[in-house]
Amino acid sequence: MNLRVAILTLADQHQLSPETGRRLKQLAALDAPPPSLQRYLPFGIAVLAAVLTGLGIIFWVAANWSELPRAIRFMLLEAIVLATLLGAWRLPAARIPLSLLGFIACGGLFAYVGQTYQTGADPWQLFALWAVLTLPLCLSVRHDVLWVAWTIVALTATQLFSALQTNGWWWDQEITLQNSLGSWVPALVLAFLFRFAPRAWIGVGAGAGSWPMRLSMIFAVIGLSTMSVRSLFATANTGFYPISLLMVAILAVAFSRRGLFDIFVLSVLGLALNVLLVCGMTQLLINVRAFEIGALLLVGVSAAALLAGTVKLLVHLARVQNGEHI
């Protein structure tokens, strides 16, 4: 029961006076700000400020591209990278936001080098270089904020490389299992690395590495589900849909076990299963011309039932993992 509702119920049952009721609310700290808000709000604002400052620097350099001499632009970006990394080293209280700002500035510096000298490198090489050269920074700081940013950069590199090797896998309707591997395998591997890597590499404290792992799973599930749906509605039957459906189901079962349990990842996988099953049913009924209204109603009812069942199952699994008796 909600704490506020429980307090009001107790006050009503025991016929407390208004003054006594106010005293009870004060003791329950109902009007006080949540302790977690006071603990995490300054840190969240600092991280947001680092992101906005880093993007602002990159946009400012781009806006003044023709106004600033080449040497000044290089010196400015290099000075920002050096200053932020030195600040992260010498100022432990501001280490995370300064490291994130330095991480973003490193990407801006690499992009500026590529634009200035026109090296002819593919875009994926820029992101790969960015990920490789900033990996020591992430291993030194060992915080989810840096790991999330690094995961985005690293998986962007793998996605761009996969698109280059397969002539644009995202738009290929005749996708095969082999051509789809780059869209989800690197993300899946990275997710399990974050899950099982030693805590000394990822970070200390409960939940360290959880958000990079969840982000990697989002990349993997989106890639796998997208390829599956495109294959399902393609003109040629590549057989990718049943394989991908089975893989998502296996991942859902794996993340429902105690050793891997994560309600966030399990929710993402549950949503993917819902989408794939509804799309499969739609494909089966799409050619039923004499029963169009009934087919549409059947798909809608089935989608609602699947969603309700998935939510109920997720709640049940969460309670079981928390040790509650159902």
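All of these numbers come straight from a predicted model, not from anything done at the bench.

A. Quick peek at the pattern of salt bridges. Counted according to the given criterion, the structure contains 1 salt bridge. As a salt-bridge pair, arginine 214 and aspartate 262 come within 3.0 Å of each other at their nearest N and O atoms. Here arginine 214 is found in helix α10 (residues 210-232), whereas its partner aspartate 262 is found in the loop between α11 (240-255) and α12 (263-285), with 48 residues between them in sequence. Grouping residues by exposure puts arginine 214 and aspartate 262 together as buried.

B. Just the nonpolar core, in detail. Among the nonpolar cores identified, the biggest contains 63 residues, and Leu100, Phe103, Leu146, Trp150, Met217, Phe255 and Leu269 are the most heavily contacted of them. For this core, the element with the most residues is helix α5 (residues 95-117), which contributes 10 residues. Excluding residues within four positions of it along the chain, phenylalanine 255 makes contact with Phe192, Met213, Met217, Leu260, Phe261, Asp262, Val265, Leu266 and Leu269.

C. The arrangement of the packing of helix α7 (residues 144-165) against α10 in detail. Packing of α7 against α10 leaves a shortest axis separation of 8 Å and a crossing angle of 25°. With respect to their mutual orientation, α7 and α10 come out roughly parallel. Two packed elements cross with a definite hand, and for α7 against α10 that hand is right-handed. Contacts between α7 and α10 involve Asp144, Trp147, Val148, Thr151, Ile152, Leu155 and Gln159 from the first element and Ser210, Trp211, Pro212, Leu215, Ser216 and Phe219 from the second. By residue class, the composition of the contact of α7 with α10 is 8 nonpolar, 4 polar and 1 charged.

D. Local environment of the environment of leucine 76. Tracing the chain through its elements places leucine 76 in helix α4 (residues 70-90). On the basis of relative accessibility, which here comes to 29%, the residue leucine 76 falls in the partly exposed class. C-alpha separation for the pair leucine 76 and valine 61, spaced 15 residues apart in sequence, amounts to 9.0 Å. Residues in contact with leucine 76, not counting those within four places in the same chain, are Trp60 and Val61.

E. Expanded view of the packing of α11 against α12. Here α11 crosses α12 at 155°, and the two axes come no closer than 9 Å. The orientation of α11 with respect to α12, classified from their angle, is roughly antiparallel. When the axes of α11 and α12 are compared, the crossing they make is left-handed. Along its contact with α11, which presents Tyr241, Leu245, Val248, Ala249, Leu251, Ala252 and Phe255, the element α12 presents Val265, Leu266, Leu269, Ala272, Leu273, Leu276, Leu277 and Gly280.

F. Broad picture of the packing of aromatic side chains. By the definition in use, this model includes 8 aromatic pairs. Between phenylalanine 192 and phenylalanine 255, the aromatic rings sit 5.9 Å apart at their centres with planes inclined by 45°, giving tilted as the arrangement. Here phenylalanine 192, found in helix α8 (residues 177-196), pairs with phenylalanine 255, found in helix α11; they are 63 residues apart in sequence, far enough to count as distant. An angle of 70° between the planes, with centres 5.3 Å apart, marks the rings of tryptophan 211 and phenylalanine 264 as edge-to-face. In this pair, tryptophan 211 sits in helix α10 while phenylalanine 264 sits in helix α12, placing the two residues 53 residues apart along the sequence. Classification of tryptophan 211 by relative accessible area gives partly exposed; the value is 45%. Classification of phenylalanine 264 by relative accessible area gives partly exposed; the value is 30%. Chaining the aromatic ring pairs together yields one cluster made of Phe103, Phe127 and Trp130.

G. View of the side chain of arginine 214. Given a relative accessible area of 17%, arginine 214 falls into the buried group. Beyond its immediate chain neighbours, meaning those up to four positions away, arginine 214 contacts Asp262, Phe264 and Val265.

H. Molecular detail of unusual backbone geometry. In the Ramachandran plot, arginine 142 falls in the positive-phi region, its phi being about 55° despite a non-glycine side chain. The residue arginine 142 is located in the loop between α6 (123-141) and α7 in this model. Among the residues examined, arginine 142 registers a relative accessible area of 34% and is labelled partly exposed.

I. Up close: the side chain of threonine 151. Relative to the helices and strands, threonine 151 is located in helix α7. Reaching out from threonine 151, the side chain makes a polar contact with the backbone oxygen of tryptophan 147 at a distance of 2.7 Å. Once residues lying within four places of it in the same chain are set aside, the contact partners of threonine 151 are Leu190, Phe194, Pro212, Leu215 and Ser216.

J. Local environment of a nonpolar patch on the surface. A cluster of nonpolar side chains, contributed by Leu37, Leu41 and Ile45, occupies part of the molecular surface with about 270 Å² of accessible area. As for its position among the elements, isoleucine 45 is in helix α3 (residues 35-63).

How each quantity is defined
- Residues numbered from 1 in each chain as written.
- Predicted model: local features only at pLDDT ≥ 70, side-chain atom pairs only at ≥ 80, totals over all residues.
- Heavy atoms only, no water.
- Salt bridge = Lys/Arg side-chain N within 4 Å of Asp/Glu carboxyl O.
- Helix = DSSP H or I, 4+ residues; strand = E, 2+ residues; numbered from the N terminus.
- Buried < 20%, exposed > 50% of the residue type's maximum accessible area, 1.4 Å probe, protein only.
- Core = buried A, V, L, I, M, F, W, Y, C linked by side-chain atoms within 4.5 Å.
- Contact = heavy atoms within 4.5 Å.
- Axes fitted to C-alpha atoms, helices over the stretch in contact; angles between N-to-C directions.
- Parallel < 35°, antiparallel > 145°, perpendicular 65-115°, else oblique.
- Left-handed = near helix turned anticlockwise from the far one by under 90°.
- Nonpolar A, V, L, I, M, F, W, Y, C, P; charged D, E, K, R; others polar.
- Phe/Tyr/Trp six-rings, centres within 6.5 Å; stacked < 30°, edge-to-face > 60°.
- Polar contact = N/O pair within 3.5 Å; in protein donor to acceptor, adjacent residues only side chain to side chain.
- Patch = residues over 30% accessible without salt bridge, like charges linked within 9 Å, V, L, I, M, F, W, Y side chains within 5 Å.
- Areas by Shrake-Rupley, 256 points an atom, 1.4 Å probe, with all protein chains shown as cover.

The quantities given are spatial measurements derived from coordinates; they are silent on function.
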